[in-house]
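Structural overview
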Amino acid sequence: YQRSSLTPTGIPMYDDIFERLEKIKINTKTSDKKRILLITHAMYEHGIWTQKQKKTLVQGIVKEISKYKDTMSLTVKIHPTSEVLTDYQKLIYEIDEDVNIQKDGDIMEFINDSDLIIAYSSSSSLVYALVSKKPIIVCNFYNLENDLFLEKKLVLECKNISNIIPSINKALVLNPASKENVDNFISEFFYKLDGLASERIGNKILKLLNKDEK
């Protein structure tokens, strides 16, 4: 393609991101505990990980955070269609029955009600967390490669379960998702997140159609 024929538009799937953020009800914190949100990914369900890898990672994170229940609370948000709630209940409740496990609901509400996000690969959910300027930890226990968020240093990488608590404490103080870092990332990979990507695409199509008609 000739460069002059290409028009940057942005990504339509994120057009509602700011509108959704504005509509989300902010829940008042009921305690001084740091609210940790673990966003899972269907790595086992998609055949990327083994069941043992999934169990080791999830239970390892739960065990470590549960040691600090007086200062931290944990919510686990699983994928609404690709993962099974009862599978995670079996994995987690044998470690700590107080962990809040959720399958349904708007991911942005969970992100908004959290102080820090833990994940183990990049996903669209982390884009919402970045826009919200939430600190993010990616648990890269199995040497995940070509992770864009890691490469751009927008998240804190944790390579070993023994470092998860120090990583949480560090990310809460030195959030890698600074406004400058996030803005630069959006400009480079999303063009703009202003809610107008669909409009720009539609306008470009209309211009092309009008040009052909003439």
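Right, let's walk through the structure included here. What you see is a predicted model, and the numbers here were worked out from it, not measured in a lab.

What counts, and at which threshold
Residues numbered from 1 in each chain as written. Predicted model: local features only at pLDDT ≥ 70, side-chain atom pairs only at ≥ 80, totals over all residues. Heavy atoms only, no water. Helix = DSSP H or I, 4+ residues; strand = E, 2+ residues; numbered from the N terminus. Buried < 20%, exposed > 50% of the residue type's maximum accessible area, 1.4 Å probe, protein only. Contact = heavy atoms within 4.5 Å. Areas by Shrake-Rupley, 256 points an atom, 1.4 Å probe, with all protein chains shown as cover. Lys, Arg positive; Asp, Glu negative; His and termini not counted. Charge placed at Lys NZ, Arg CZ, Asp CG, Glu CD. Pairing = 2+ DSSP bridges. Right-handed = clockwise from strand over helix to strand, strands pointing away. Patch = residues over 30% accessible without salt bridge, like charges linked within 9 Å, V, L, I, M, F, W, Y side chains within 5 Å. Salt bridge = Lys/Arg side-chain N within 4 Å of Asp/Glu carboxyl O. Axes fitted to C-alpha atoms, helices over the stretch in contact; angles between N-to-C directions. Parallel < 35°, antiparallel > 145°, perpendicular 65-115°, else oblique. Left-handed = near helix turned anticlockwise from the far one by under 90°.

Regarding the overall build of the protein chain
The helix and strand tally for the protein chain stands at nine helices and six strands. Overall, the C-alpha framework of the protein chain stretches about 70 × 40 × 30 Å when taken along its three principal axes. Burial analysis of the protein chain (214 residues in total) assigns 41% to the buried set. The contacts in the protein chain between residues at least 6 apart in sequence include a share of 68% that link residues at least 24 apart. If you sum the accessible surface of the protein chain, you get close to 12400 Å²; carbon and sulfur atoms cover 50% of it. Taking the 30 positively charged and 30 negatively charged side chains of the protein chain as two groups, their mean positions are separated by 3 Å.

Considering the pairing of strand 1 (residues 34-39)
Taking burial as the measure, the six residues of strand 1 include five buried ones, the bulk of the element. Of the pairings in the sheet, the one linking strand 1 to strand 2 (residues 72-77) comprises six bridges and is parallel in character. Bridge pairing links Arg35 to Ser73 in strand 2. Read from strand 1 through helix 2 (residues 51-66) to strand 2, the crossover connection turns out right-handed. Relative to strand 4 (residues 116-119), strand 1 runs parallel, the two sharing three bridges. By the bridge assignment for strand 4, Leu38 is matched with Ile118.

Observations regarding a nonpolar patch on the surface
Taken together, the side chains of Ile205, Leu206 and Leu209 make up a nonpolar region of the molecular surface, amounting to roughly 280 Å² of accessible area. Within the secondary structure, Leu209 sits in helix 9 (residues 197-213).

As for the pattern of salt bridges
For the coordinates displayed, the defined rule picks out eight salt bridges. Arg35 is paired through a salt bridge with Asp115; the nearest N and O atoms lie 3.3 Å apart. Of this pair, Arg35 sits in strand 1 while Asp115 sits in the loop between helix 4 (107-112) and strand 4, placing them 80 residues apart in sequence. Accessibility assignment for this pair places Arg35 and Asp115 in one class, buried.

Looking at the sheet that holds strand 4
The strand order across the open sheet formed by six strands is 3-2-1-4-5-6, and the pairing between neighbours is parallel. In the strand order of this sheet, the two ends are held by strand 3 (100-102) and strand 6 (156-158), each with one partner. Averaged over all pairs of adjacent strands, the angle between their axes in this sheet comes to 25 degrees, without regard to strand direction. Relative to strand 6, strand 5 (residues 136-139) runs parallel, the two being bridged by three bridges. Residue pairing in the sheet places Ile137 in a bridge with Leu156 of strand 6. Against the sheet, helix 2 makes contact with strand 1, strand 2, strand 4 and strand 5, and its axis sits at roughly 160 degrees relative to strand 2, the strand it touches most.

With respect to the packing of helix 2 against helix 3 (residues 85-93)
Between helix 2 and helix 3, whose axes approach to 9 Å, the crossing angle comes to 55 degrees. The angle between helix 2 and helix 3 falls in the class oblique. Here helix 2 and helix 3 pass one another in a crossing that is right-handed. Where helix 2 approaches helix 3, its residues Lys54, Lys55, Val58, Gln59 and Val62 are matched on the opposing element by Asp87, Tyr88, Leu91 and Ile92.

So, unusual backbone geometry
When glycine is set aside, most residues are seen to have a negative phi, and most peptide bonds are trans. Positioned with a positive phi, Lys133 is a non-glycine residue whose angle comes to about 60 degrees. Relative to the helices and strands, Lys133 resides in the loop between helix 5 (124-131) and strand 5. If you check the backbone angles, Tyr191 has positive phi at about 65 degrees while not being a glycine. Here Tyr191 shows up in the loop between helix 8 (179-189) and helix 9.

All quantities given are derived from atomic positions and should not be read as evidence of function.
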